[in-house]
Amino acid sequence: MRYIFITGGVVSSLGKGLTAGSLGALLECRGLRVCLQKFDPYLNIDPGTMNPSQHGEVYVLQDGTETDLDLGHYERFTSSVLSKKNTLTSGQIYESVLQKERNGDYLGKTVQVIPHVTNEIKGRIYAAGEDADVVITEIGGTTGDIEGLPFLEALRQLALELEHENVLFVHVTLIPFLKAAGELKTKPTQQSVAKLREIGIQPDIIICRTEIPISDDMRQKISLFCNVPVKSVIEELDLKVSIYELPLFLHFEKLDDIVCQKLGLQTSTCEILPWENVVEKIKFPKNECTVGLVAKYLDVKDAYKSVYEAIAHSGVENDCKVNVEVIDAEELEQLSDVDEMFSSIDGILLPGGFGNRGVEGKILAAKFAREHRIPYFGLCLGMQIAAIEFARHVLAYADANSTEMVPETAHPVIRMMLDQVNVTKKGGTMRLGSYPCKLVPHTKAYEAYGSTYVNERHRHRYEFNNDYREIFERHGMIISGINSDLNLVEIIELQDHPWFMGVQFHPEFQSKPRQAHPLFASFIAAILRQKRR
Ligand code: GLN
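Keep in mind the model is a prediction, meaning the values are calculated, not measured.

### Looking at the overall build of the chain
For step 1, the next point in the chain: Across its full length, the chain carries 18 helices and 23 strands.
For step 2, the next point in the chain: Computed over the C-alpha atoms, the radius of gyration of the chain is 25 Å, within 12% of the 24 Å expected from 2.2 N^0.38 for a compact globule of 533 residues.
For step 3, the next point in the chain: Along the first, second and third principal axes, the C-alpha atoms of the chain reach 70 × 60 × 45 Å.
For step 4, the next point in the chain: Per-residue burial for the chain yields a buried fraction of 58% across its 533 residues.
For step 5, the next point in the chain: Look at the contacts in the chain between residues 6 or more apart in sequence, and 73% of them connect residues 24 or more apart.
For step 6, the next point in the chain: Carbon and sulfur atoms make up 49% of the accessible area of the chain, which amounts to about 22,700 Å² in all.
For step 7, the next point in the chain: Averaging the coordinates of the 56 positive side-chain charges in the chain and doing the same for the 72 negative ones gives two points 2 Å apart.

### Some details on unusual backbone geometry
For step 1, the next point in the chain: A cis geometry characterises the amide bond from Ile 114 onward to Pro 115, with omega recorded as 10 degrees.
For step 2, the next point in the chain: Looking at the secondary structure, you find Pro 115 in helix α5 (residues 113–127).
For step 3, the next point in the chain: Here Glu 163, not a glycine, exhibits a phi torsion of approximately 50 degrees, which is positive.
For step 4, the next point in the chain: Despite not being glycine, Asn 166 has its phi angle at roughly 65 degrees, a positive value.
For step 5, the next point in the chain: Mapped onto the secondary structure, Asn 166 falls in the loop between α6 (149–161) and β7 (167–174).
For step 6, the next point in the chain: Asn 166 gets classed as partly exposed once you look at its relative accessible area, which sits at 30%.

### Regarding helix α14 (residues 359–371)
For step 1, the next point in the chain: With 13 residues, α14 should reach 18 Å at 1.5 Å per residue; the first-to-last C-alpha distance of 18 Å fits that figure.
For step 2, the next point in the chain: After α14 finishes, the residue Arg 373 shows a positive phi value of roughly 55 degrees.

### Thoughts on the layout of surface pockets
For step 1, the next point in the chain: Of the voids in this model, the largest pocket is the one considered here, and its volume is about 1,400 Å³.
For step 2, the next point in the chain: If you trace the largest pocket, you find 45 residues lining it, with His 73, Ile 243, Asp 302, Lys 305 and Glu 309 closest to the centre.
For step 3, the next point in the chain: Looking at the lining of the largest pocket, the elements with two or more residues in it are α1 (16–29), β2 (34–40), α2 (52–55), α3 (70–77), α11 (273–283), α12 (305–317) and β13 (320–328).
For step 4, the next point in the chain: Here the lining of the largest pocket takes seven residues from α12, the largest share from any one element.
For step 5, the next point in the chain: Classifying every residue of the lining of the largest pocket by side-chain character gives 17 nonpolar, 14 polar and 14 charged.
For step 6, the next point in the chain: By volume, the second largest pocket amounts to about 800 Å³.
For step 7, the next point in the chain: Around the second largest pocket, the lining is made up of 39 residues, and of these Pro 52, Gly 353, Phe 354, Met 430 and Arg 459 lie nearest the centre.
For step 8, the next point in the chain: At the level of secondary structure, the elements contributing two or more residues to the lining of the second largest pocket comprise α15 (381–393) and β19 (453–460).
For step 9, the next point in the chain: Class assignment for the residues of the lining of the second largest pocket results in 16 nonpolar, 13 polar and 10 charged.

### A few points about the site of the ligand
For step 1, the next point in the chain: Inspection of the region around the ligand gives Gly 352, Gly 353, Phe 354, Cys 380, Leu 381, Gln 384, Glu 404, Arg 459, His 460, Arg 461, Tyr 462 and His 506 as its neighbouring residues.
For step 2, the next point in the chain: The backbone of Arg 461 places a nitrogen or oxygen atom 3.0 Å from an oxygen atom of the ligand.
For step 3, the next point in the chain: One nitrogen or oxygen atom from the side chain of His 506 is found 3.1 Å from a nitrogen atom belonging to the ligand.
For step 4, the next point in the chain: Notes on the ligand: free accessible area 290 Å², of which the protein chains cover 98%.
For step 5, the next point in the chain: For the ligand, the cavity whose grid points lie within 2 Å of the majority of its atoms is the second largest pocket.
For step 6, the next point in the chain: Mapped onto the shell around the ligand, the elements with two or more residues apiece are α15 and β19.
For step 7, the next point in the chain: Of the residues contributing to the shell around the ligand, the split by class is four nonpolar, five polar and three charged.

### Description of the nonpolar core
For step 1, the next point in the chain: Counting residues in each nonpolar core, the largest one holds 46 residues, and the members touching the most others are Ile 4, Leu 27, Ile 136, Ile 205 and Val 259.
For step 2, the next point in the chain: Apart from residues no more than four positions distant in its own chain, Val 259 is found in contact with Ile 4, Leu 23, Leu 27, Leu 168 and Ile 205.
For step 3, the next point in the chain: Membership of the second largest hydrophobic core comes to 43 residues, among which are Leu 350, Ile 374, Met 383 and Ile 385.

### Brief notes about α11
For step 1, the next point in the chain: Regarding α11, the residues found buried are Trp 275, Val 278 and Val 279. Seen along its axis, α11 keeps its buried residues to an arc of 90 degrees; they face one direction.
For step 2, the next point in the chain: For α11, the secondary structure elements touched by its buried residues are α1, α3, α9 (246–252) and α12.

### So, the sheet that holds strand β21 (residues 477–483)
For step 1, the next point in the chain: With respect to topology, nine strands assemble into an open sheet ordered β13-β12-β14-β15-β23-β22-β21-β18-β19, the strand pairing being mixed. Edge positions in the open sheet fall to β13 and β19, since each of these has one partner strand only. The average undirected angle you get between the axes of adjacent strands in this sheet is 25 degrees.
For step 2, the next point in the chain: Packing against the sheet, α14 makes contact with β12 (287–295), β14 (347–350), β15 (376–379), β22 (488–494) and β23 (500–503), and its axis sits at approximately 145 degrees to β14.
For step 3, the next point in the chain: With respect to the sheet, α15 is in contact with β14, β15, β19, β21, β22 and β23, its orientation differing from that of β15 by roughly 120 degrees.

### Notes on empty space enclosed by the protein
For step 1, the next point in the chain: Per the stated rule, a full pass over the model turns up one cavity of 30 Å³ or more.
For step 2, the next point in the chain: Empty space within the largest cavity amounts to approximately 70 Å³.
For step 3, the next point in the chain: Thr 7, Gly 8, Ile 139, Gly 140, Gly 141, Thr 142, Thr 143, Asp 145, Gly 148 and Leu 152 together form the lining of the largest cavity.

### Topic: the pairing of strand β10 (residues 205–210)
For step 1, the next point in the chain: The buried fraction of β10 is high, at six of six residues.
For step 2, the next point in the chain: Burial along β10 is two-sided: Ile 205, Ile 207 and Arg 209 facing one way and Ile 206, Cys 208 and Thr 210 facing the other are all buried.
For step 3, the next point in the chain: Two elements, β10 and strand β11 (residues 233–237), share five bridges in a ladder whose sense is parallel. Within β11, the residue paired with Arg 209 across the bridge is Glu 236.
For step 4, the next point in the chain: Following the backbone out of β10, through helix α8 (residues 216–226) and into the adjacent parallel β11, one traces a crossover that is right-handed.

What counts as what
- Residues numbered from 1 in each chain as written.
- Predicted model: local features only at pLDDT ≥ 70, side-chain atom pairs only at ≥ 80, totals over all residues.
- Heavy atoms only, no water.
- Helix = DSSP H or I, 4+ residues; strand = E, 2+ residues; numbered from the N terminus.
- Rg over C-alpha atoms; globule rule 2.2 N^0.38 Å.
- Buried < 20%, exposed > 50% of the residue type's maximum accessible area, 1.4 Å probe, protein only.
- Contact = heavy atoms within 4.5 Å.
- Areas by Shrake-Rupley, 256 points an atom, 1.4 Å probe, with all protein chains shown as cover.
- Lys, Arg positive; Asp, Glu negative; His and termini not counted.
- Charge placed at Lys NZ, Arg CZ, Asp CG, Glu CD.
- Expected span 1.5 Å × (residues − 1).
- 1 Å grid on protein atoms, 1.4 Å probe; cavity = no way out; pocket = protein on both sides within 12 Å on 5 of 7 lines; lining within 4 Å.
- Points joined across faces, edges and corners; volume = space filled by probe spheres on them.
- Nonpolar A, V, L, I, M, F, W, Y, C, P; charged D, E, K, R; others polar.
- Near = heavy atom within 4 Å.
- Polar contact = N/O pair within 3.5 Å; in protein donor to acceptor, adjacent residues only side chain to side chain.
- Sits in = over half its atoms within 2 Å of the grid points.
- Core = buried A, V, L, I, M, F, W, Y, C linked by side-chain atoms within 4.5 Å.
- Arc of directions from axis to C-beta.
- Pairing = 2+ DSSP bridges.
- Axes fitted to C-alpha atoms, helices over the stretch in contact; angles between N-to-C directions.
- Right-handed = clockwise from strand over helix to strand, strands pointing away.

Shape is all these values report; function is a separate question.
Structural data, given as structure tokens:
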């Protein structure tokens, strides 16, 4: 087993997750089996309880683990299907250490960061990737963070245990461009590497995020001051067209060669063509369309990360540049006439969400899509909104709602799932992870998937109320996907509409650049058909 550790320096948001994912992609292109994991130094057990405006989207794994959005990058860039073994937070470590202490497992010893906490961290690294050739572990945060220290210390110990064989440290850093001086600056990188070396970690490879290309002189300087060979100073320019260019850029910089050489990995040559094809499609699309994303987190793109990515993937699939226009759900509520807001929109997408804010605006968006025959795709809350809108304006249940919004509504077309009623704890208690869904033949969903059974990931507490199934169906809403074990409605679609679908799950978590999710692809295809008409 080989271990690659990815740390970050100077600032956060350097795109370490993308870098880790892209390196994973390159190693897979060389025929290696990779396993990626992310360690987050914060004290929350997982990001499931965090506000998306703080932390971005909560990405859900097949096994129901709620994780950091970087795991989404890992799954999109590689073929790995991740589980709770691939994610760790300080909160989980301390929870486990304290439980062991209460159980008396430490046999009277004083429980300390070294060795008890660091052992816990190393245990997770050793336990990862039984079937992999290479484990790539990304450490969240930035060198110098107090919370991150036990993680870095654990990496140092692990390298020592393995006598520095089969271990590689990659440090991702920023080379800022100072406008006033008119030049790039390497000092912050030197200092962040010095910080790492203080802990006892000498990086093997330095990946330099930069706005403009770094010169040979600059590479020499970084090499000298940071004590790495000059060929191991890798440039990572800001991406202009797409994040899926990154594997190509890093391959051009010979990152995969250097990694394989340093780790003594004999591999086939790098089969990069599939990634070139993706980028080619993104760069030279034949069509163009605009999707309106009706949202409540307006300035935080990361809050809907996987949705944006899934849209981009379906663009690749349909040879189409898909622009996304964010529509403020709360602003919609204030307007007497919403038509203006949708004037440049070819399709409407409602992502998942929680709570009351912006819900009435979202209902207006669904109404607009239904009445104007504009393709509509509702994800989780977006499906529930479509059901509420249909109940209000087609079935004339003026007060129809979800009990999440109005607990005592007279027409609870969406209600809390029965097994959720007595749940009081917040973390990890929703209906989470992958569940089977059976599709009904001759529906749009069935045609898009091209199969009868699919598995999709969930994250919700409320569901379609079966008491209303019959009347919905009688008035033209098709129930096209159900969970037969639990008798739950999973997909609804309008009979008399070019493409109007709501899904109780999150298809965006299973979409990949090289294999767009069938429903997203079908949504964009429907938009293009409408446009042509
Ligand atoms: N708030 C809704 C529920 O809990 C929808 C959740 C979501 O969109 N992920 O059921």
